[in-house]
Amino acid sequence: MSTHSFCKRAYSFFKAYPSASKLLLLSTCSGGGLLVYSDSSPSRRTLTADGQEIKKKKVVVLGSGWSGYSFLSHFNNPNYDVQVVSPRNFFLFTPLLPSVTNGTVEARSIVEPIRGLMRKKGFEYTEAECVKIDPSNKKIHCKSKDSTSLKGTTEFDMDYDILVIAVGAKPNTFNTPGVEEHAHFLKEADDALKIRRSVINCFERASLPDLTEEERKKIIHFVVVGGGPTGVEFSAELHDFLVEDVAKIYPKVQEFTRITLLEAGDHILNMFDKRITAFAEEKFQRDGIDLKTKSMVVGVTADEISTKERGSGEVVSEPYGMVVWSTGIGSRPVIKDFMHQIGQGQRRVLATDEWLRVEGCDSVYALGDTATINQRRVMEDIAAIFGKADKGETGTLNKKEFKGVVKDICQRYPQVELYLKKKKLRNIANLLKSANGDNTELSIETFKQALSEVDTQMKNLPATAQVASQQGKYLAKCFNKMEKCEKKPEGPLRFRGEGRHRFQPFRYRHFGSFAPLGGEQTAAELPGDWVSIGHSSQWLWYSVYASKLVSWRTRSLVVSDWVRRFIFGRDSSSI
């Protein structure tokens, strides 16, 4: 065969099969060896033993946040075609958003472009927003992100076999008048950059000549609504900026600066250990942050914010320069519409089962802040559990029959394990022994009595990055072993049916929480009721967050931002 003929055939092959276009053959004469190197993307064609192409199911993933990115990163089943639809073509490391607002970290340092992962995995990506889900026809209706072009937005439909909803949530304003129009939120990179520009602009305006003291005080009065982790961390970051940088850059107006933190509850950080809450409140008071608890915001105008004191009912209005709203999350409009379609319109949030399937939709899964797991109660299934264990149908359980279902009970109902831990019992056998004594036969009444309080330990999972990331990884692993588990299920017994569940239900593992409090001090609440507060925890925070960034590129950028801040201070430009 001539060289010209070989090259022509090779060209035709690579044109017909683009996925093989990156195959590189390197031949070397020394040693007479042949070196083969491949940098090709994974092939999207799956063939049977006789060479026939298998028709793959189409998995559509909505969103590129914590749960969506985690799902895509761990998904490795070649029997599915994966299509990602998201208005954001990057993953955002949201825990560092407060650091972007004051110039400690640059916004580009905490984002990872998603197309790199798409190319590596062989997935498809479309930059658009899903505006409607049609579960009956297995379609989604989308709009392109760009609405400023001359052609306007492009609308299109997309079919799916399996839908994974990971669109996250939106800030919850509780329908408070004026919040949407006048307050800043802190959910996206653009939000953090807007806050950063607004803070700098406030100081520039307050530095103008011929202003009265009252006008300056109003302009650089920063109000933060919400005493959760985001509100507290933003307040701490802003205070550090004022103390460490504003005093040098704007010395004439620093004395007029004021930060107010409003919380409707009794305490800030109420989801943390009481020791952390007490320390945070004392530190904020020492730092001069005006902390107002039991204060519910009832309205925001362009110049004033109005609060209602919970005890007295008195309504107080105060002028402000900037308001940041961080009071929780709510469902996005597309999710609310979907919930109405599937009979969940009365719920506050989309409900899934313990395998992250949307209740009422077998082919739809929901992850992260989008949904909550509707955990099944033990007492709802107590008769079915007893009946499944009572193989001899004697009306009582012997030791062997009981042992046959113990493991499945603990796997199916995570609240059992939490209850045993609370009661300091080694296992469920000890729990039943405390109710039945030395009797070797267990009646259904005794069984009910022993497990009657187990459901009190049922808890909704927090809307955190930790939960979302673990759910994405869990669901991806389920898909990776789908064919294997359909033949040989690995989950617990179906107490109300036959056989076993295909997979183990999702089980969240808490690895700890951080609450940066400013001044290079952080509160850490770690597993085992271990609490650490101070400078050592701050260095632990640096280490953990650097390790959790999703690429070496973002790690190097964030670490370099931290070093730059230590040496040169924060960036005070309004870009």
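Rules and cut-offs
Residues numbered from 1 in each chain as written. Predicted model: local features only at pLDDT ≥ 70, side-chain atom pairs only at ≥ 80, totals over all residues. Heavy atoms only, no water. Helix = DSSP H or I, 4+ residues; strand = E, 2+ residues; numbered from the N terminus. Buried < 20%, exposed > 50% of the residue type's maximum accessible area, 1.4 Å probe, protein only. Contact = heavy atoms within 4.5 Å. Areas by Shrake-Rupley, 256 points an atom, 1.4 Å probe, with all protein chains shown as cover. Salt bridge = Lys/Arg side-chain N within 4 Å of Asp/Glu carboxyl O. 1 Å grid on protein atoms, 1.4 Å probe; cavity = no way out; pocket = protein on both sides within 12 Å on 5 of 7 lines; lining within 4 Å. Points joined across faces, edges and corners; volume = space filled by probe spheres on them. Nonpolar A, V, L, I, M, F, W, Y, C, P; charged D, E, K, R; others polar. Core = buried A, V, L, I, M, F, W, Y, C linked by side-chain atoms within 4.5 Å. Pairing = 2+ DSSP bridges. Right-handed = clockwise from strand over helix to strand, strands pointing away. Axes fitted to C-alpha atoms, helices over the stretch in contact; angles between N-to-C directions. Parallel < 35°, antiparallel > 145°, perpendicular 65-115°, else oblique. Left-handed = near helix turned anticlockwise from the far one by under 90°. Patch = residues over 30% accessible without salt bridge, like charges linked within 9 Å, V, L, I, M, F, W, Y side chains within 5 Å. UniProt positions renumbered as here; feature names shortened; annotations may be inferred.

## Describing the overall build of the protein
- If you tally the helices and strands in the protein, you get 19 helices and 27 strands.
- Burial status across the protein gives 45% buried among its 575 residues.
- Expressed as a percentage of contacts within the protein between residues at least 6 apart in sequence, the contacts between residues at least 24 apart total 62%.
- Accessible area of the protein: about 30200 Å², with a carbon and sulfur share of 52%.

## Describing the environment of Gln-344
- Within the secondary structure, Gln-344 sits in the loop between helix H10 (333–341) and strand E20 (350–352).
- Assessed through its relative accessible area of 6%, Gln-344 is described here as buried.
- In this structure the C-alpha to C-alpha distance between Gln-344 and Glu-359, which are 15 residues apart in sequence, comes to 8.7 Å.
- Not counting residues up to four positions away in its chain, the partners in contact with Gln-344 are Met-339, Val-349, Leu-350, Ala-351, Val-358 and Glu-359.

## Section: the pattern of salt bridges
- Counted by the stated rule, this structure contains 30 salt bridges.
- Of the charged contacts in the structure, one is a salt bridge between Asp-290 and Lys-292, with a shortest N-O distance of 4.0 Å.
- You can call Lys-292 partly exposed: its relative accessible area is 25%.
- Across the pair Asp-353 and Arg-357 runs a salt bridge whose closest N-O atoms are separated by 2.9 Å.
- Under the relative-accessibility criterion, Arg-357 is labelled partly exposed at 22%.

## Some remarks on empty space enclosed by the protein
- Counting across every chain of the model gives one cavity of 30 Å³ or more.
- The volume enclosed by the largest cavity comes to roughly 160 Å³.
- When residues of the lining of the largest cavity are traced back to their parent elements, those giving at least two are helix H8 (229–249), strand E25 (513–518), helix H18 (535–548) and helix H19 (552–568).
- Per-class residue counts for the lining of the largest cavity are five nonpolar, five polar and seven charged.

## Structural notes on the nonpolar core
- One finds Phe-71, Leu-72, Phe-203 and Phe-479 to be the most contacted residues of the largest nonpolar core, which totals 92 residues.
- It is helix H6 (residues 189–206) that provides the largest number of residues to this core, a total of eight residues.
- Among residues more than four places away in sequence, those in contact with Leu-72 are Val-61, Val-82, Val-84, Ile-114, Leu-117, Met-118, Lys-121 and Phe-123.
- With 25 residues, the next largest nonpolar core counts Ala-384, Ala-389, Val-405 and Leu-451 among its residues.

## Remarks on the pairing of strand E13 (residues 258–263)
- Counted residue by residue, E13 has five buried out of six residues, so it is predominantly covered.
- Alignment of strand E12 (residues 221–225) against E13, held across five bridges, turns out to be parallel. Residue pairing in the sheet places Phe-222 in a bridge with Ile-259 of E13.
- At this point the chain moves from E12, through H8, to the parallel E13, and the crossover so formed is right-handed.
- Summarising the sheet, E13 and strand E14 (residues 290–293) pair through four bridges and their orientation is parallel.

## Overview of the packing of helix H11 (residues 382–389) against helix H15 (residues 444–451)
- In the contact formed by H11 and H15, the axes pass within 11 Å of each other and the chain directions differ by 130°. As summarised for this structure, H11 and H15 are arranged oblique, according to the angle between their axes. For the element pair H11 and H15, the recorded crossing hand is right-handed. On H15, the residues that touch Ile-382, Ala-383, Ile-385 and Phe-386 of H11 are Ile-444, Phe-447, Lys-448 and Leu-451.
- Residues belonging to the contact of H11 with H15 are distributed by class as follows: seven nonpolar, no polar and one charged.

## Focus on a nonpolar patch on the surface
- Together, Trp-539, Val-559, Val-563, Phe-566, Ile-567 and Phe-568 make up a nonpolar patch on the protein surface, roughly 670 Å² of accessible area in all.
- Here the nonpolar patch takes five residues from H19, the largest share from any one element.
- Examined against the element boundaries, Trp-539 turns out to sit in helix H18.
- Owing to a relative accessible area of 54%, Trp-539 belongs among the exposed residues under this scheme.

## Considerations on the UniProt feature "domain: EF-hand" (unreviewed entry) in the protein
- UniProt's feature table lists "domain: EF-hand" (unreviewed entry) at residues 377–412, given in the numbering used throughout.
- The span residues 377–412 shows a helical share of 61% and a strand share of 6%, and its end C-alpha atoms are spaced 10 Å apart.

## Considerations on the sheet that holds strand E27 (residues 530–534)
- On the basis of which strands lie adjacent, the open sheet formed by three strands has the order E25-E26-E27 and antiparallel pairing. The open sheet is flanked by E25 and E27, the only strands paired with a single partner. Strand-to-strand twist in this sheet, taken as the mean axis angle between neighbours without regard to direction, amounts to 10°.
- Here strand E26 (residues 521–526) runs beside E27; their pairing, made up of five bridges, is antiparallel. What sits directly across from Ala-524, in E27, is Ser-532.

## Focus: the packing of helix H2 (residues 66–74) against helix H16 (residues 465–480)
- Look at H2 against H16: their axes get within 7 Å of each other, and the N-to-C directions meet at 30°. With respect to the hand of their crossing, H2 and H16 are arranged in right-handed fashion. Residue-level contacts link Trp-66, Ser-67, Ser-70, Phe-71 and His-74 of H2 to Ala-465, Ala-468, Ser-469, Gly-472, Lys-473, Leu-475, Ala-476, Phe-479 and Asn-480 of H16.
- By residue class, the composition of the contact of H2 with H16 is seven nonpolar, six polar and one charged.

## Topic: unusual backbone geometry
- Residue Phe-174 is not a glycine yet carries a positive backbone phi of 55°.
- Turning to its location among the elements, Phe-174 is positioned in the loop between strand E11 (170–171) and helix H5 (179–182).
- With phi around 70°, Leu-356 is a residue other than glycine that occupies positive phi space.
- The class for Leu-356 is buried, based on a relative accessible area of 0%.

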